[in-house]
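# Examination of the molecular architecture
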Amino acid sequence: LVLVEGESKRSSAESRRWGGRTDQNKRIIFPTKEIPQCWSEESVKPILSTLSQPNTDPTMRSALMNNFIQSPKVQIEAGDYAVVEVNEARGHTLRGELLWRSSMQGFQEMGLTQGNVGNPFFNFG
């Protein structure tokens, strides 16, 4: 979970990047589009709860996936919390992929921790 601070100092028109801080105050940079957007916590909750249940009907999973993919994205702003998957560590800075906008309470309610968020399911969009 990352507290979004805003556009990175080294961001450019060709390569937009935003940054924030983890709960351990580590800087993390993630690529974005001109107007940073991602899924909302409300869109993610149903699919995460379904994926965590064993023996879920494949048809139900497919329908949930289609609904999820078509759900509208929300804009990310400085001061928001976001779930970011770390995929690289360099010196004092982490680099990652923006997954979804969240809240501290919602993150905890979903039973997520800093170590169990990374899921290839969310690497599209």
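The rules we used
- Residues numbered from 1 in each chain as written.
- Predicted model: local features only at pLDDT ≥ 70, side-chain atom pairs only at ≥ 80, totals over all residues.
- Heavy atoms only, no water.
- Pairing = 2+ DSSP bridges.
- Helix = DSSP H or I, 4+ residues; strand = E, 2+ residues; numbered from the N terminus.
- Axes fitted to C-alpha atoms, helices over the stretch in contact; angles between N-to-C directions.
- Buried < 20%, exposed > 50% of the residue type's maximum accessible area, 1.4 Å probe, protein only.
- Polar contact = N/O pair within 3.5 Å; in protein donor to acceptor, adjacent residues only side chain to side chain.
- pLDDT = per-residue confidence, 0-100.
- Contact = heavy atoms within 4.5 Å.

## Side note on the sheet that holds strand E3 (residues 27-31)
Here 5 strands make up a closed barrel; going around it, the order is E1-E2-E3-E7-E6 and the pairing mixed. Strand after strand, the sheet turns through a mean of 45° between neighbouring axes, direction not considered. Where strand E1 (residues 2-7) and strand E6 (residues 81-90) come together, 2 bridges link them in antiparallel fashion. Residue Leu3 lies in a different strand from E6, and its bridge partner there is Tyr81.

## Topic: the side chain of Ser43
Tracing the backbone through its elements, the reader meets Ser43 in helix H1 (residues 41-51). Relative accessible area serves as the criterion here: at 17%, Ser43 is assigned to the buried category. Here Ser71 takes part through its side chain, which lies 3.4 Å from a polar atom of the side chain of Ser43.

## Quick word on the pairing of strand E2 (residues 17-21)
Where E1 meets E2, 4 bridges bridge the pair, whose relative direction is antiparallel. What sits directly across from Leu3, in E2, is Arg21. Taken together, the 5 bridges between E2 and E3 define a ladder with antiparallel strand orientation. In the strand pairing of E3, Gly20 is matched with Ile28. Joining the antiparallel neighbours E2 and E3 is a turn of 5 residues, in which Asn25 adopts a positive phi near 65°.

## Some remarks on the confidence of the model for the protein chain
Per-chain confidence: the protein chain averages 83 in pLDDT, with 90% of residues scoring 70 or above. For the stretch residues 120-125, pLDDT sits under 50, and the model shows 19 contacts to residues farther than four places along the chain or on other chains.

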